[in-house]
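Spelled out from the first residue to the last, the chains are:
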Amino acid sequence: MNIVFDFGVVLFDWQPAQFLATDLPEFANTPQAARQLAHALFGHEDWHAFDRGTLSMDEVVQRSAQRLALPHDRLDQLIQRIGELLTPVAGTVGLLDQLAQRRERDGELKLYFLSNMPVPYARELEQRHAFLQRFDGGIFSGDVQLIKPEPAIYALLESRYALNPAETLFIDDLKSNVIAAQGRGWQGLHFENPAQLGAALDHLLGSPP
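Okay, so let's go over this structure.

Scoring rules and cut-offs
Residues numbered from 1 in each chain as written. Predicted model: local features only at pLDDT ≥ 70, side-chain atom pairs only at ≥ 80, totals over all residues. Heavy atoms only, no water. Helix = DSSP H or I, 4+ residues; strand = E, 2+ residues; numbered from the N terminus. Buried < 20%, exposed > 50% of the residue type's maximum accessible area, 1.4 Å probe, protein only. Contact = heavy atoms within 4.5 Å. Areas by Shrake-Rupley, 256 points an atom, 1.4 Å probe, with all protein chains shown as cover. Expected span 1.5 Å × (residues − 1). Pairing = 2+ DSSP bridges. Axes fitted to C-alpha atoms, helices over the stretch in contact; angles between N-to-C directions. Right-handed = clockwise from strand over helix to strand, strands pointing away. Phe/Tyr/Trp six-rings, centres within 6.5 Å; stacked < 30°, edge-to-face > 60°. Parallel < 35°, antiparallel > 145°, perpendicular 65-115°, else oblique. Nonpolar A, V, L, I, M, F, W, Y, C, P; charged D, E, K, R; others polar.

Let us look at the overall build of the protein. Along the protein, the regular secondary structure elements total 12 helices and five strands. Its C-alpha atoms give the protein principal-axis dimensions of about 55 × 30 × 30 Å. By the burial criterion, 45% of the 209 residues in the protein qualify as buried. Pairs at least 24 residues apart make up 65% of the contacts formed inside the protein by residues separated by at least 6 positions. Split by element, the accessible area of the protein, about 9,900 Å² in all, is 49% carbon and sulfur.

In structure tokens form, the structure reads like this:
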């Protein structure tokens, strides 16, 4: 069985509205304003191009500051440090540890990741978090210039690691990404929280001995 993890929300806490409320409070001075600004910044095609690896960090800062009338220097400081703001979700990391132990016992599991992640953050996460070594492999979008939910990035993971779609479970917090995986014949799980994921894995794999 192949189990493929998304990173943001699933393995790493992703709170964009909170980041903006903390670093740019005058532009995100209510929860609604913070959510709207987060969508305008992180849901825009410029950010998607940054995810894809076709727009640099400097370029996305410059474009976003101009488009949203935000102070360039402060936005730059925020975007520079997002890698350190991506803190592990303890419950999910614990489940990953359990799966890695199970893999060592029975050898039937393989663990992979498939994450929309700009290159600078990908490298920082690799350096900061030793638990990522538990994975047998994976793909960051910025490294391959493809992003979810494009079918090509799922196909690339399949071909790179010789995955059988019918024996592959994909875990993501975005339903559109899960649906794209299911469209390739993968099993899909829409992540809500670590407890829900743990129960689903126990149902799929059986409780660990």
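So, about helix 7 (residues 90-106). Its 17 residues give helix 7 an end-to-end C-alpha distance of 24 Å, which sits within 8% of 24 Å, the value for a rise of 1.5 Å per residue. Among the residues of helix 7, Thr92, Val93, Leu95, Leu96, Leu99, Ala100, Arg102 and Arg103 are the ones counted as buried. Against the buried residues of helix 7 lie strand 1 (2-5), strand 2 (110-115) and helix 12 (194-205). Just downstream of helix 7 lies Gly107, where phi reads positive at about 70°.

Turning our attention to the sheet that holds strand 1. The five strands lie next to each other as 3-2-1-4-5, forming an open sheet whose pairing is parallel. Edge positions in the open sheet fall to strand 3 (137-140) and strand 5 (187-190), since each of these has one partner strand only. If you compare each strand with its neighbour and ignore which way they point, the axes differ by 15° on average. Where strand 1 lies against strand 4 (residues 168-172), four bridges are found, and the strand directions are parallel.

Attention now goes to the pairing of strand 4. Of all the five residues making up strand 4, five are buried; the element is thus mostly covered by neighbouring parts of the structure. Residues Thr168, Phe170 and Asp172 line one face of strand 4 and the alternating positions Leu169 and Ile171 line the opposite face, and both faces are buried. By the bridge criterion, four bridges tie strand 4 to strand 5 in an arrangement that is parallel. Pairing of Leu169 across the sheet is with Gln187, part of strand 5. With respect to chirality, the unit in which strand 4 leads through helix 11 (residues 175-183) into the neighbouring parallel strand 5 is right-handed.

One pass over the full model with this rule turns up 17 aromatic pairs. Ring centres of Phe7 and Phe135 lie 6.0 Å apart, and the angle between their planes is 35°; on these two criteria the pair is classed as tilted. With Phe7 in the loop between strand 1 and helix 1 (16-23) and Phe135 in the loop between helix 8 (119-128) and strand 3, this pair connects stretches of sequence that are 128 residues apart. Residue Phe7 is classed as buried on the basis of its relative accessible area, which comes to 0%. You can call Phe135 buried: its relative accessible area is 10%. The structure contains a cluster of three or more aromatic residues connected by ring pairs, namely Phe5, Phe7, Phe12, Phe113, Phe131, Phe135 and Phe140.

Before going further, it helps to spend a moment on the side chain of Asn2. Relative to the helices and strands, Asn2 is located in strand 1. Residue class for Asn2 comes out buried when judged on its relative accessible area of 9%. Excluding its chain neighbours within four sequence positions, the residues that come into contact with Asn2 are Lys110, Tyr112, Leu163, Asn164, Glu167, Thr168 and Leu169.

Quick look at the packing of helix 3 (residues 45-52) against helix 4 (residues 57-68) now. Interaxial distance between helix 3 and helix 4 falls to 10 Å at its minimum, and their mutual angle equals 175°. The angle between helix 3 and helix 4 falls in the class roughly antiparallel. Only Met57, Val60, Arg63 and Arg67 of helix 4 make contact with helix 3, whose side of the interface consists of Asp46, Trp47 and Phe50. By residue class, the composition of the contact of helix 3 with helix 4 is four nonpolar, no polar and three charged.

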